[in-house]
Structures are given as structure tokens and as C-alpha cells.
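Fold and contact review
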Amino acid sequence: MNTGSDEAAESESLAATTRDGAKAEPELGSRAPEFIKVRRALHLSWQVGVFVVGLAVVVAGVIMLPLPGPGWLVIFGGMAIWATEFVWAQLVLRWTKRKVTEATQRALDPAVRRRNIILTSVGVVIIAVLVAIYVWKFGFEMPWKIKE
């Protein structure tokens, strides 16, 4: 059953891609359903609900930072919840995604990988030498062992 033309769908798909074929970033703004957006009181209560749920998730992530758990992952999850409704959270997530992508590209650079491997190897050798000196000087007895 054809209820209308496909011009709107075609224009949306064209808007989602740039001239060079790469996908453009999604538009900023609320992703609330249309029936919520048209009623101001309902949209305001929707925003308050999204903010409270996002805040609870972010607070749980902050609590997990010193405790066992995926703190940063949960914090970014809360930011993603906020980003469904608030432009500032969408901008923060875009910035974070861009920085993580740049760091990933730098880490995959062969020169940087070689440097990191060399530094790690030097660090392991230094720690092994220090442990060997300790064992040679004191043996396997720990210094805090209290003699009874």
C-alpha cells in the first residue's frame, strides 16, 4: 500500500551522506517521539525523566571509579542517555568520540607502537633487575615479616 511518495525518504538518505560518500553526523537535538515533542508539558517531563535517569547512571559510574566495576563505561552510558535529549551531551560525546578515534590512530602508528614496545621492555628489565637485587640481598623473606 503506497501512502505517499518516497521523496522524503530520498532526501533524508541524501542528507545522511556527504559529497564524498561518508556518512554525516546525525542532527543535534531531541530524539523524543513526535507526539511528545508537540506537547510542551509532556516534552518537559520527558526531558526531566531523561535527565534523572542519565544522572543516576552517571552517579553510579562515578561511584564505580574507585570501586570494582566499569566506571568510565557507565559514565559514558549515562552521557549517551543524556545525548538522546540534550544538545550539550551530544556535543560532548562527539568530541569524546573524535578524541578516542585520534588516540587509536596514533596508537596504531608503527613508530609509536615500536616506541611503546621498547619502553615496556626497558621497564620490565628494570623491574626484573630490582627484584633480583632484592632477592640477592634479603632472600625471599619480606621486610615486614614480624618475628615471633
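Basis of the calculations
Residues numbered from 1 in each chain as written. Predicted model: local features only at pLDDT ≥ 70, side-chain atom pairs only at ≥ 80, totals over all residues. Heavy atoms only, no water. Axes fitted to C-alpha atoms, helices over the stretch in contact; angles between N-to-C directions. Helix = DSSP H or I, 4+ residues; strand = E, 2+ residues; numbered from the N terminus. Parallel < 35°, antiparallel > 145°, perpendicular 65-115°, else oblique. Left-handed = near helix turned anticlockwise from the far one by under 90°. Contact = heavy atoms within 4.5 Å. Nonpolar A, V, L, I, M, F, W, Y, C, P; charged D, E, K, R; others polar. Phe/Tyr/Trp six-rings, centres within 6.5 Å; stacked < 30°, edge-to-face > 60°. Buried < 20%, exposed > 50% of the residue type's maximum accessible area, 1.4 Å probe, protein only. pLDDT = per-residue confidence, 0-100. Salt bridge = Lys/Arg side-chain N within 4 Å of Asp/Glu carboxyl O.

At a minimum axis separation of 7 Å, helix α4 (residues 71-83) and helix α5 (residues 87-107) run at an interaxial angle of 135°. Viewed along their axes, α4 and α5 adopt a mutual orientation that is oblique. When you trace α4 past α5, the crossing you get is left-handed. Residue-level inspection shows F76, M79, A80, W82 and A83 of α4 in contact with α5, the latter providing W88, A89, Q90, V92, L93 and T96. Of the residues contributing to the contact of α4 with α5, the split by class is 9 nonpolar, 2 polar and no charged.

With that out of the way, let us pick up the packing of aromatic side chains. Aromatic ring pairs are reported here in terms of the distance separating the ring centres and the angle at which the planes meet. Across all of its chains, the model carries 5 aromatic pairs by this definition. Relative to W82, the ring of F51 has its centre 5.4 Å away and its plane inclined at 15°; by these criteria the two rings are stacked. Residue F51 is located in helix α3 (residues 40-64), and its partner W82 is located in helix α4; the two are separated by 31 residues in the primary sequence. The class for F51 is partly exposed, based on a relative accessible area of 35%. Ring centres of F51 and F86 lie 6.2 Å apart, and the angle between their planes is 85°; on these two criteria the pair is classed as edge-to-face. A residue pair is termed long-range when its members are at least 10 positions apart, and F51 in helix α3 and F86 in the loop between α4 and α5 qualify at 35 residues. Residue classification places F86 among the buried positions, given a relative accessible area of 15%. Members of the aromatic cluster, connected to one another through ring pairs, are F51, W82, F86 and W88.

Let's shift gears to the confidence of the model for the protein. For residues with low pLDDT, the predicted coordinates do not support detailed interpretation. Taken as a whole, the protein shows an average pLDDT of 79; of its residues, 76% reach a score of 70 or greater. Mean pLDDT across the elements of the protein bottoms out in helix α1 (residues 7-15) (44) and peaks in helix α6 (residues 110-138) (92).

Now for the packing of α3 against α4. Packing of α3 against α4 leaves a shortest axis separation of 7 Å and a crossing angle of 170°. When the axis of α3 is compared with that of α4, the two are roughly antiparallel. Contact residues: V50, F51, V53, G54, L55, V57, V58, A60, G61, V62 and M64 in α3; G71, V74, I75, G77, G78, M79, I81 and W82 in α4. Across the contact of α3 with α4, the residue classes tally to 14 nonpolar, 5 polar and no charged.

Another aspect to go through is the pattern of salt bridges. A side chain with one charge may pair with a side chain of the opposite charge, provided their charged atoms come close. Per the counting criterion, the structure on display carries 1 salt bridge. E102 is the partner of K99 in a salt bridge, and the nearest nitrogen-oxygen pair spans 3.7 Å. Of the two residues, K99 and E102 both sit in helix α5, 3 residues apart, roughly one turn of that helix.

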